[in-house]
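As a plain string of letters, each chain reads:
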Amino acid sequence: MSYLLEGRDAPWEVVIGLEVHAQVISQSKLFSGASATYGGEPNTHVSLVDAGFPGMLPVINRECVAQAVRTGLGLNARINLESRFDRKNYFYADLPTGYQISQFAQPIVGSGVIEIELADGSTREIGITRLHLEQDAGKSLHDQHQTQSFIDLNRAGVGLMEIVSEPDMRSPEEAGAYVRKLRTILRYLGTCDGNMEEGSMRADVNVSVRHSGEPFRTRCEIKNVNSVRYVMQAIEAEARRQVQVWEAGGTVDQETRLFDPARGETRSLRSKEDAHDYRYFPDPDLLPLVIDEGWVADLKAGLPELPDAKRSRFVSEYGIPRYDAGVLVAEQATADFYETVAAGGDPRLAANWVTGDLFAALNRTGRTIADSPVSAQAMRELLGLMVDQTINGRIAKDVFEEMVETGEPPAAIVERRGLRQVTDTGAIDAAVEAVLAANADKLAEYRSGKDKLFGFFVGQVMKGMGGKGNPALVNEALRQRLARSP
Amino acid sequence: MSLDAATVKHIARLARIGIQDTEVARLQGELNGIIGWIEQLAAVDVEGVPPMVGTEQAALRMRDDVVTDGARPEAVLSNAPGRNGLFYTVPKVVE
């Protein structure tokens, strides 16, 4: 399913590469002992190192390095046992030192690959070019005062992983799938919370267009896009703009642009003259970062099961469809919930209930899996009551709704409301007789060949039994009764 | 390698140093003198020698991930050119 833009002579293909900035989960900052926690009163999570005071020296945080290594391993990437830090020089009010400590020539993680899946079920591999560690900048607030900008350095110096992809994506959908997959992997690893609204994960999107078979044309970079939806919209808008420029006989300039979601368009941010002239050089305050192969192996041994592996296991171990397995592993909490429900019961039934009834209930109540109104344990008990024939599937839905409302255990609801399934054939036969007697007209129609009415009778019998009849037994009783003459 | 006048102006702009057109020729001469001097290093054959950043320790020392600093905004803001509450203030910068 290829995504092409219409052109005057030939269709245009869009080429996309992404740089994702992911804030490292750690207690303290990358090069200082100040807290890396989000929020706080302005400038209270700041050390003199972060504020760029003279003579202050950076000392690297081991956990930030470990997080970068874990992430690299999760991206199936090469880990560079020796890497280096460089200074990226630019002036901005929220960058006190006048440079960002980053890794330019020798990043800690080299090339890797992740697999994305598209709506039609097809998969694609997207190359990872590299991952490097760098510092975040502070925050500027421009709307607090008429003539002044306010600066808060709480975020300055927090560890970031910049994850750079190859220009391997060819549609907004692929870019969206890539960001979602990356976010899932980071969350599983516990290396970044992936929270795009709070800015702990944000994307720079590189877009160019070309006719199929051509070499790459000039790209533009759209900075700081902070949701999956905006990533996709920004690509669409920017690709359209570039096609217009080329078709009007112009050329696309390499530049940094900003996506304006309200207007659905991108606009130029910086003049080309200043862009990308960061005069990188090795940071003389920092020796090479050398890590031990044994330590990397330890970190690898401590990694959790990642989404792709978990999905394959769900398919083989539980016999559930690949699609359902994909839905269940998208969030680790959902996968854990599912495994608790499935344990010792019917895993396929569990998959249907978690992705169906449970998700619907969460949507309706505005809750997440983490604060689900029905616990995984309670849901397992409910499904257990179905499997052992205590209640039928129809009644189970009602019990589940009541569990959502009240939080009461399923067995208690079944007992209190007398919902046990009726398997007593005498009672079922009596209900069948009553329905046939009350619907003599329908019975006559059935006898004259209107077979479809069988379903009507089943429904009436179940209704007469308050929904509690065993469906198989009701079917059987009706079939036998109708086979006999009046 | 030598710098032309336009590159000198560009470097000054990147470093946020305001220079007059009349100063460009002099700065160009000075910078080219420095570059020429450094370029003597090019005479050394470093084929096969990995880049070296220092001679003391071989590698970075790492610290544990513990919060040991912060919660002292007064010290942090002590050199601020301007402040409002606990914020630094600067002339408005909007892109």
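Residues numbered from 1 in each chain as written. Chains lettered and ligands numbered in written order. Predicted model: local features only at pLDDT ≥ 70, side-chain atom pairs only at ≥ 80, totals over all residues. Heavy atoms only, no water.

**Student:** Explanation requested: the overall build of chain B in the structure shown.
**Tutor:** The secondary structure content of chain B amounts to 3 helices and 3 strands. The secondary structure elements of chain B, listed N-terminal to C-terminal, are α-α-β-α-β-β. Whereas a compact globule of 95 residues would reach a radius of gyration of roughly 12 Å, chain B reaches 22 Å, over 25% beyond that. Within chain B, the fraction of its 95 residues that count as buried is 20%. For chain B, the share of sequence-separated contacts (at least 6 apart) that also reach a separation of at least 24 residues comes to 25%. For chain B, the exposed area adds up to about 7100 Å²; of that, 58% sits on carbon and sulfur atoms. Computed over 9 positive and 13 negative side-chain charges, the separation of the two mean positions in chain B equals 12 Å. (Helix = DSSP H or I, 4+ residues; strand = E, 2+ residues; numbered from the N terminus. Rg over C-alpha atoms; globule rule 2.2 N^0.38 Å. Buried < 20%, exposed > 50% of the residue type's maximum accessible area, 1.4 Å probe, protein only. Contact = heavy atoms within 4.5 Å. Areas by Shrake-Rupley, 256 points an atom, 1.4 Å probe, with all protein chains shown as cover. Lys, Arg positive; Asp, Glu negative; His and termini not counted. Charge placed at Lys NZ, Arg CZ, Asp CG, Glu CD.)

**Student:** Help me understand the sheet that holds strand β5 (residues 86–89) of chain A, please; the structure alone is not making it clear to me.
**Tutor:** Sheet strands pair via backbone hydrogen bonds, and the direction of the pair is either parallel or antiparallel. Residue and element names in this part refer to chain A. With respect to topology, 3 strands assemble into an open sheet ordered β6-β5-β16, the strand pairing being antiparallel. The open sheet is flanked by β6 (99–102) and β16 (281–282), the only strands paired with a single partner. The pairing of β5 with β6 spans 4 bridges and is classified as antiparallel. When the sheet's bridge partners are listed, K88 is paired in β6 with Q100. (Pairing = 2+ DSSP bridges.)

**Student:** What should I look at first to understand the domain arrangement of chain A in this one?
**Tutor:** Put simply, an interface is often sized by how much accessible area is lost when its parts join up. Residue and element names in this part refer to chain A. Partitioning chain A into structural domains gives domain 1 (4–296), domain 2 (305–417) and domain 3 (425–483). In this structure, domain 1 and domain 2 have C-alpha centres spaced 37 Å apart. At the boundary of domain 1 with domain 2, total buried surface from both sides reaches about 830 Å², with 48% on carbon and sulfur atoms. Our count for the domain 1 to domain 2 interface comes out at 4 salt bridges. Here R187 and E331 are joined by a salt bridge, their closest N and O atoms 3.2 Å apart. One can count 4 residue pairs in polar contact (both at pLDDT 80 or more) joining domain 1 with domain 2. Those elements that place two or more of their residues in the side of domain 1 that touches domain 2 are β7 (112–117) and α2 (172–189). For the side of domain 1 that touches domain 2, the leading source of residues is α2, giving 6 residues. (Domains from an automatic or database assignment. Buried area = accessible area lost by both parts, 1.4 Å probe. Salt bridge = Lys/Arg side-chain N within 4 Å of Asp/Glu carboxyl O. Polar contact = N/O pair within 3.5 Å; in protein donor to acceptor, adjacent residues only side chain to side chain.)

**Student:** What is the right way to read the state of the cysteines from this model?
**Tutor:** Should the sulfur atoms of two cysteines be covalently bonded, the bond is a disulfide. In the structure shown here, the tally under the stated rule is 0 disulfides over all chains. Among the cysteines around C192(A), which has no disulfide bond, C64(A) carries the closest sulfur, lying 12 Å off. (Disulfide = S-S within 2.5 Å.)

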